[in-house]
Amino acid sequence: MSERINVNGVLGPPETACVSPLDRGFLFGDSVYETIRTYGGRPFLLREHLQRLRRSAELLEIPYDRAPVDIEPEIHRTIADAGPSEKAIRVVLTRGQGPLGYDPEPCGPPTVVIHARPCPEIPASFVREGVDVAVVDVTRNPRTSLDPAIKSSNLLNNFLAWRAAQRLGAYEPILLNASERLTEGASSNLFVVRAARLLTPPPADGILEGITRGLVLELARADGLDASEESLEADSLRSADEAFLTATLKGILPIRRCDGWPIRHGRPGPITRRLMALFEARVQVETNTGSAPGSTLK
Ligand code: PDD
């Protein structure tokens, strides 16, 4: 009972869920999505995720308001039906079914899939010691192509980058853009600390503006840190004082090594640890109960 899938309001176990083979999400990756997680059973930063889902849909002209169900209550219903453990929730909105061919006119209404499953646990050692990343030779798609600002389910480029990182023995790839500037991971945003300044690549360099990234920037500034969006070269990561990844299912994960080079002797630095504590405190405030990924593990 811990995993449930809701297709256009029809809720059941994964085995019974079905989407048409003529759905544009299946045919073209013509869909947008969000990954949300619960803390203390409540979806964290739900409003921000729903706003981004709507924005992604608008940028692709997928008619969000023609969805056959009201997405927010369906998310709550799906979580409730999936039982008590902390959940990772994937919400997918496709352009709907249509005949083969690109014309979107005969398509629709959109298809809504909400998948709730137990939240994957981040190993405690990743949180304590950090993870290894590698700058891969798969470039992030340029903003003039499929704009990375759109959280689309067309994830083959991200998959190719992830596979390249696996082959290098790294946990997460770091993608450069066509101008060789740092962008982000395959499913995470990137931060570096240099000379006590917190830096992260700007949207102009081609990134998804992560919800966790936004919260980290807010927490850092409220704590008096000098935090900016700045265009960065790969060397500024390799020689960073500290670096970390952010994502909904990862929280804040320190980077231990980049391309084999230890970051700050391979131990999470003080600014990273401070931000992890501030993030944990925010989670506690928002949920009264939950905890950041990995922090409940021994
Ligand atoms: N991924 N960049 C990319 C390319 C991502 O896919 C993600 C999230 C992020 C971080 O965004 P956020 O903080 O809003 O989760 C950055 C999710 C978790 C996923 O793919 O399931």
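Structure: see above.
Residues take numbers from 1 onward in each chain, read along the sequence in its written order. Confidence filtering applies because this is a predicted model: local features only for residues at pLDDT of at least 70, side-chain atom pairs given and counted only at 80 or more, and all residues used for totals across whole chains, interfaces and linings. Derived side-chain values reflect all non-hydrogen atoms in the structure, with water molecules and hydrogen atoms excluded from consideration.

Asks: Mind showing me how you'd approach the site of the ligand here?
Replies: Throughout, near means a residue has at least one heavy atom within 4 Å of the molecule or strand. Around the ligand, 19 residues are found, and the nearest of them are Tyr33, Thr35, Glu184, Thr212 and Thr248. Taking Arg52, its side chain carries an N or O atom lying 2.9 Å from an oxygen atom of the ligand. Note that an oxygen atom of the ligand is positioned 2.6 Å from one of the side-chain N or O atoms of Thr248. Residue exposure ignores everything except the shown protein chains as possible cover, and the areas themselves are Shrake-Rupley values with a 1.4 Å probe. When the ligand is considered free in solution it has 470 Å² of accessible area, and contact with the protein chains removes 93% of it. Note on conventions: DSSP H or I runs of at least 4 residues are helices, E runs of at least 2 residues are strands, and numbering of each starts at the N terminus. Of all the secondary-structure elements, those providing two or more residues to the shell around the ligand are strand E3 (31-39), strand E9 (182-185), helix H6 (211-222) and strand E13 (242-247). When residues of the shell around the ligand are assigned to domains, at least three map to each of domain 1 (4-118) and domain 2 (124-289). Think of a polar contact as two N or O atoms within 3.5 Å of one another; within protein, one of them needs to be a possible hydrogen donor and the other a possible acceptor, and neighboring residues in sequence only count if both atoms come from side chains. The source of the domain bounds is an automatic or database domain assignment.

Asks: Even after reading the chapter, I still don't get helix H2 (residues 46-59), so can you show me in this structure?
Replies: Each α-helix winds once per 3.6 residues, and so residues spaced three or four apart point in a common direction. Taking 1.5 Å of rise per residue, 14 residues should cover 20 Å, and H2 covers 20 Å from first to last C-alpha, within 8% of that figure. Type-normalised accessible area, obtained with a 1.4 Å probe on protein chains alone, sets the label of each residue: buried when under 20%, exposed when over 50%, and partly exposed for intermediate values. Taken residue by residue, H2 has Leu46, His49, Leu50, Arg52, Leu53, Ser56 and Ala57 as its buried positions. Along H2, the residues classed as buried sweep out an arc of 160° about the axis, all on the same side. Of the residues in H2, the exposed ones pointing more than 90 degrees away from the buried face are Arg47 and Leu59. Here a residue-residue contact requires only that any non-hydrogen atoms of the pair lie within 4.5 Å. Looking at the buried side of H2, the elements it contacts are E3, strand E4 (42-43), helix H3 (71-81), strand E5 (87-94) and H6. Glu61 occupies a position one or two residues after H2 and carries a positive phi of about 55°. Expected span of a helix, by definition, is 1.5 Å for each gap between consecutive residues, and there is one gap fewer than residues. Arc definition: directions from the helix axis to the C-beta atoms.

Asks: In this structure, what is going on with the pairing of strand E10 (residues 189-194)? I would like to understand it.
Replies: E10 sits mainly inside the fold: five of its six residues count as buried. Criterion used throughout: strands pair if DSSP finds at least two bridges between them. As paired strands, E10 and E13 are joined by five bridges and run antiparallel to one another. Its bridge partner being in E13, Phe191 is matched across the sheet by Phe244. Summarising the sheet, E10 and strand E11 (residues 197-200) pair through three bridges and their orientation is antiparallel.

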